[in-house]
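# Report on the structure
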Amino acid sequence: APAEVLPVKLGSIEYSAPHRIRTQNEMGYIKARDLKSGKLIWSRQIYLVKYDFDLEGDVQDVFIKSITVQGNNLIITNERNSKYQLDLNSLEVKVIKGPLVEETKFTR
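Residues numbered from 1 in each chain as written. Predicted model: local features only at pLDDT ≥ 70, side-chain atom pairs only at ≥ 80, totals over all residues. Heavy atoms only, no water.

### A look at the overall build of the protein
Going by this rule: In this description a helix means any DSSP run of H or I spanning at least four residues, a strand means any run of E spanning at least two, and both kinds are numbered starting from the N terminus. Classification of residues uses two cut-offs on accessible area relative to the type maximum, computed with a 1.4 Å probe and protein chains only: under 20% is buried, over 50% is exposed, and between them is partly exposed. Note on contacts: a residue pair qualifies if any of its non-hydrogen atoms lie within 4.5 Å across the two residues.
Counting its secondary structure elements, the protein contains zero helices and 12 strands. Overall, the protein shows an N-to-C arrangement of helices and strands of β-β-β-β-β-β-β-β-β-β-β-β. Every one of the 108 residues in the protein was classed for burial, and the buried ones make up 33%. Pairs at least 24 apart in sequence give 36% of the contacts found in the protein among residues at least 6 apart.

### Thoughts on the packing of aromatic side chains
Quick reminder of the rule: Between rings of Phe, Tyr and Trp, where Trp is taken as its six-membered ring, a pair exists when centres lie within 6.5 Å; planes separated by under 30 degrees are stacked, by over 60 edge-to-face, and by other angles tilted.
Considering all chains together, one arrives at two aromatic pairs under this definition. Centre to centre, the rings of Tyr15 and Trp42 are 5.8 Å apart; their planes meet at 40°, and the pair counts as tilted. With Tyr15 in strand S2 (residues 13-16) and Trp42 in strand S6 (residues 40-45), this pair connects stretches of sequence that are 27 residues apart. For the pair formed by Tyr15 and Trp42, the shared burial category is buried.

### Section: the sheet that holds S6
Heads up, the rule is: Should DSSP find at least two bridges between two strands, the strands are taken to pair. The axes used here are C-alpha line fits, helices contributing only the stretch in contact, and every angle between their N-to-C directions lies in the interval 0 to 180 degrees.
Spatial strand order, S1-S2-S5-S6: four strands in an open sheet with antiparallel pairing. On the outer flanks of this sheet lie strand S1 (8-10) and S6, each paired with one strand and no other. Averaged over all pairs of adjacent strands, the angle between their axes in this sheet comes to 20°, without regard to strand direction. Here S2 runs beside strand S5 (residues 29-34); their pairing, made up of four bridges, is antiparallel. Within S5, the position partnered with Ile13 by the bridge is Asp34.

### Looking at a nonpolar patch on the surface
Cut-off, in case you're wondering: Patch membership needs two things, relative accessible area over 30% and no salt bridge, and members are linked within 9 Å if like-charged or within 5 Å if nonpolar (Val, Leu, Ile, Met, Phe, Trp, Tyr). Surface exposure here means Shrake-Rupley accessible area, sampled with a 1.4 Å probe, where a residue is shielded only by the protein chains that are shown. Salt bridges are defined by distance alone: a side-chain nitrogen of Lys or Arg within 4 Å of a carboxyl oxygen of Asp or Glu.
Together, Leu48, Val95, Leu100 and Val101 give the surface a local cluster of nonpolar side chains, amounting to about 300 Å² of exposed area. Tracing the backbone through its elements, the reader meets Val101 in strand S12 (residues 101-103).

### Concerning the environment of Asn89
When you line up the elements, Asn89 lands in the loop between strand S10 (83-87) and strand S11 (93-97). With a relative accessible area of 66%, Asn89 lands in the exposed category. For Asn89 and Asn72, which are 17 residues apart along the polypeptide, the C-alpha to C-alpha distance reads 7.4 Å.

### Some remarks on the nonpolar core
Note the following rule: Among the buried residues, those of types Ala, Val, Leu, Ile, Met, Phe, Trp, Tyr and Cys that are joined through side-chain atoms within 4.5 Å form a nonpolar core.
One finds Ile30, Leu74 and Leu86 to be the most contacted residues of the largest nonpolar core, which totals 21 residues. Taken together, the elements giving at least two residues each to this core come down to S5, strand S8 (64-70), strand S9 (73-78) and S10. Discounting residues that sit within four places of it in the chain, Ile30 has contacts with Tyr15, Ser16, Ala17, Trp42, Ser43, Arg44, Ile46, Ile64, Ile67, Leu74, Ile76 and Leu86.

### Thoughts on the environment of Gly28
With respect to the helices, strands and loops of the structure, Gly28 is situated in the loop between strand S4 (24-25) and S5. Gly28 sits in the buried class, given a relative accessible area of 3%. Setting aside chain neighbours within four positions, we find Gly28 in contact with Arg44, Gln45, Ile46, Tyr47 and Ile64.

Functional significance is not addressed by these values, which are geometric in nature.
Now the structure itself:
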């Protein structure tokens, strides 16, 4: 199981990286919630994981491992050390390091 990612707070908003809620896969997503009401403000996919359906899914998962604040941006790092910048004004994602689509690294 992936390690829990601590949410970050900026003003009245909390940003988190949930891995799974019930059966819906939310790997690679950042969610923004209003701290007072707890209501979801937005959800943004940061990167995509491309699965090889001939392989077991959980060995191909690539989870977010950290979120930090840098100015008006979130810096998101995943388990493969790919790094992304999410502009909190435009919700535009920029790749700092690594691919936008994570693919399996297994060979048959």
